[in-house]
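Summary of the model geometry
What follows is the residue order along each chain.
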Amino acid sequence: MNDLFFSFIPGDSILHRLDPRTKILGLMLASMFILKVSSFTGMSLLVFVFLSLVATCKIPLKHFFRSIRPMLIFFSLIFFMQLFFTEGQVIFQYRIISASHEGLVLGTVLTLRFVFLLLFAVLLTSTTSPSKITAGIERLLRPLPLRYAGISSHDLAMMMSLSLYFVPLLYDSFKVLRDSQLSRGLDVKKSPLRAIFSLSVPLVSTSLRAVEDVSLAMESRCYRGSGRTSVHSIGYGPMDHIAIIIYLFLLFYYIVF
Amino acid sequence: MISIQNVSYSYNGHIPALHSVSVEIYKGEFVAIIGGNGSGKSTLLRHINGLLLPSAGSVTIKGMDTKDISSVFNIRQIAGMVFQDPGSQFIGMTVGEDIAFGPENLGLPPKEIRRRVESSLSAVGMAGYNDHTPGKLSGGQKQKVALASVLAMEPEVILFDEVTSMLDPDSRMDILSLIKQLHENGTTVVYVTHCLDELVHADRLIIMEKGHITHDGDPRLLISRGDVMNSGLGLPPIMELSRRLLNAGFFEPGCFPLSREELRDVLCQLK
């Protein structure tokens, strides 16, 4: 489960050493391009950028494909929706179902966009530890006037890292609950509705208890929301400056063309 | 060092847990608090670092009242706490980050935080586990990490809330010897348990029952007199044997053995 959500792979490549802020901004910029590109030349350029980034961080390509797998149903849904529900020149017909040429193109482009978004996001999460990502987001949010909304960027970052933290915890307690209900004769296939209730109600109550435990642990370790420092001393290095300059050029290109 | 004066506490305002409890804990002591379920021992412990505030009475640590909001931060730095459940007291995604959480809250510079993470990890014998995921450690290792994360705040008092109750016997011995070592290095230890075998290292025993302190004194004396048995906790076999030997006049109450090793030594000295 952990491998699925927090695919961080420790390493010492350029991508690993870049400041998390640089990488987050890079992901945002990449997303802008991904959402704009519709030609196949553009797509292949993205593939090239992605592959060369992967090559520098020495993470096997298999890791990235594994992260796509759970989303395959979603991707195929997008593809087939576009394929069958876009009007245009019919290339295939079976009774009332018809696929159009336009649908094929649109479906491919849309699906590839989602795949690229995911791949670039995985590139960020596999080269940056979750706490560094939150530290980076915290720094990026700092200039925003959040205090008028009654929160600080520290609070937001803490909330994000805690929610990330609770995902595997919830999954674990779900497994325990499922096993204990199954051992008491719960038949998921026969009465799925009852199964949902008999799992979700205790799941909510156990997670509330877990939240209480964690908040006690946080409190007894002096958590007070403000005045925190971070173990990660993040700062821009020369590579970050180069990356930012490249970003500026790309941004210029994006706006002009 | 820790002064608890006439403290009463009720959960939700109507489920009484402590009745006018008073106790002084001095610097450098190893105090064990025992009692059955619902005796109020954990509740008392949570008053010491201000996780719970007394309904009546007062708790002060080094002169600071836990009710005073401005000093709660300092109190929690002085008195660290390790909880019972090894699984639910982690905050960080990796062992290193979890240990760093406390020092981060203290506002220390990153370099000092990293130094403390390293030193407290090696203090519990887990050096090199920085990048491990807490969830994938064994129960004993989790408790060691939990202890390390308290040590990283460099507290003067450490409160242990039934920390061994979810561990296997080997990890229990590991944790206990770590605690003993900490105590020898000058840390004040308050150790809540319902396991009488764990009293070997304690130099003071407090027995609680239904929200009252019923006994407070030398563990060897209290156990040899049989005071413990009234609080609903059975004696472990080795202590029961020691007690029968004592009653048969084999040795003095002052050297009442609490463990197999101690009993062996005492018996070997007999002529």
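Below, the structure is looked at part by part. (Residues numbered from 1 in each chain as written. Chains lettered and ligands numbered in written order. Predicted model: local features only at pLDDT ≥ 70, side-chain atom pairs only at ≥ 80, totals over all residues.)

Comments concerning the nonpolar core
In globular proteins that are soluble, nonpolar side chains generally tend to be buried together. Residue and element names in this part refer to chain B. In this structure, V31, I33, F160, V190 and Y191 are the most contacted members of the largest nonpolar core, which totals 77 residues. Tallying contributions element by element places helix α5 (residues 139-151) first for this core, with six residues. Each of two domains, domain 1 (2-88 + 157-234) and domain 2 (236-271), supplies a minimum of three residues to this core. Ignoring sequence-local partners within four residues, the contact set of V31 consists of I25, V189, V190, Y191, A202, R204 and I206. (Core = buried A, V, L, I, M, F, W, Y, C linked by C-beta atoms within 7 Å. Buried ≥ 20, exposed ≤ 12 C-beta atoms within 10 Å, placed from the backbone. Helix = DSSP H or I, 4+ residues; strand = E, 2+ residues; numbered from the N terminus. Domains from an automatic or database assignment. Contact = placed C-beta atoms within 7 Å.)

Considerations on the interface of chain A and chain B
Counting from both sides, the interface comprises 27 residues of chain A and, opposite them, 32 residues of chain B. Looking at the side of chain A that touches chain B, the elements with two or more residues in it are α8 (130-141), α9 (153-183) and α10 (192-220) of chain A. The element contributing the most residues to the side of chain A that touches chain B is α10 of chain A, with eight residues. When grouped by side-chain class, the residues that make up the side of chain A that touches chain B number 13 nonpolar, nine polar and five charged. (Nonpolar A, V, L, I, M, F, W, Y, C, P; charged D, E, K, R; others polar.)

Regarding the sheet that holds strand β8 (residues 188-193) of chain B
All names here are of chain B. Across the sheet, six strands lie side by side as β6-β7-β8-β3-β9-β10; this open sheet has mixed pairing. Every interior strand has two partners, whereas the edge strands, β6 (79-82) and β10 (212-217), have only one. Neighbouring strand axes in the sheet, compared pairwise and without regard to direction, differ in orientation by 15° on average. In terms of strand pairing, strand β7 (residues 157-161) meets β8 through five bridges, oriented parallel. Directly across from F160, in β8, lies its bridge partner Y191. Running over the sheet, α5 touches β6 and β7 and is turned about 170° from β6. Against the sheet, helix α6 (residues 169-184) contacts β3 (30-34), β7 and β8, and its axis sits at roughly 150° relative to β8. (Pairing = 2+ DSSP bridges. Axes fitted to C-alpha atoms, helices over the stretch in contact; angles between N-to-C directions.)

Considering unusual backbone geometry
Residues and elements named next belong to chain B. Notably, K62 is not glycine yet its phi reads approximately 50°, a positive angle. Look at E162: it is not a glycine, yet its phi comes out positive at around 45°. Topologically, E162 is positioned in the loop between β7 and α6. Take E162: there are 19 C-beta atoms within 10 Å of it, and that puts it in the partly exposed class.

So far we have only geometry, and geometry alone does not tell us how the molecule works.
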